[in-house]
Amino acid sequence: MRIGHGYDVHRFKSGRKCILCGVEIPCDFGPDGHSDADVPVHALIDAMLGAIALGDIGKHFPDTDDKWKDADSIELLMHVCLLIKNKGYALSNADITIVLEKPKLSPYISQMRSILANATGVDIDCINVKATTEEKLGFTGDGSGISATAVVLLLS
Ligand code: MG
């Protein structure tokens, strides 16, 4: 068994697409970034890379490389799944927490889980996604940004 943890933060920017766990959420702002800035998927990728001690997302997909500009983070996630498979491991389960004030994510959670389960090749019961506010505190609370954490367990 291997355990991994991931964390990511992006600033919100007006006019950016809001793509979270592969779901495009109707919103007039979204996370800013070099790729599609899918914050929870970045946290999940870091958790998976962490579990097999392969560094972090910046090492594998540097934001200085134009190859990853506007990259679909779900495709990056699928690439990381291959790395895990090559190391002889498979995802057992993942638990993701998204912290933001707005928009409300509850209508999209099941679609998010389904997309992540498909991308990682596990049953939907093995993927949990939850969203919480931070009670108006800090950069997530004042709406200037979004953060996400992920914990994964891999089995050989
Ligand atoms: Mg990121």
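For the structure itself, consult the block above.
Since the structure is predicted, the reported quantities are computational estimates derived from the model, not experimental observations. (Residues numbered from 1 in each chain as written. Predicted model: local features only at pLDDT ≥ 70, side-chain atom pairs only at ≥ 80, totals over all residues. Heavy atoms only, no water.)

Our focus in this paragraph is the environment of C81. With respect to the helices and strands, C81 occurs in helix 3 (residues 73-86). Linking C81 and L49, residues 32 residues apart in sequence, is a C-alpha distance of 9.1 Å. Not counting chain neighbours up to four residues away, the residues in contact with C81 comprise M48, A119 and T120. (Helix = DSSP H or I, 4+ residues; strand = E, 2+ residues; numbered from the N terminus. Contact = heavy atoms within 4.5 Å.)

A few words on the coordination of the magnesium ion. Donor atoms from the polypeptide that coordinate the magnesium ion comprise D8 (OD), H10 (NE2) and H42 (ND1), at 2.2 to 2.3 Å from the metal. Within one chain, the residues serving as donors to the magnesium ion are arranged as D-x1-H-x31-H. One end of the pair, H10, is in strand 1 (residues 2-14); the other, H42, is in helix 1 (residues 39-51), with 32 residues separating them in the sequence. In terms of burial, H10 and H42 fall into one category: buried. (Donors = N, O, S within 2.8 Å, 3.2 Å for Na, K, Ca; no water. Buried < 20%, exposed > 50% of the residue type's maximum accessible area, 1.4 Å probe, protein only.)

So, on to the packing of helix 3 against helix 4 (residues 109-120). At their nearest, the axes of helix 3 and helix 4 sit 9 Å apart, and the two run at 40 degrees to each other. Considering the angle they form, helix 3 stands oblique to helix 4. In this structure, helix 3 crosses over helix 4, and the sense of that crossing is right-handed. Residues I74, L77, M78 and C81 of helix 3 pack against I115, L116, A119 and T120 of helix 4. Its residues placed into classes, the contact of helix 3 with helix 4 shows seven nonpolar, one polar and no charged. (Axes fitted to C-alpha atoms, helices over the stretch in contact; angles between N-to-C directions. Parallel < 35°, antiparallel > 145°, perpendicular 65-115°, else oblique. Left-handed = near helix turned anticlockwise from the far one by under 90°. Nonpolar A, V, L, I, M, F, W, Y, C, P; charged D, E, K, R; others polar.)

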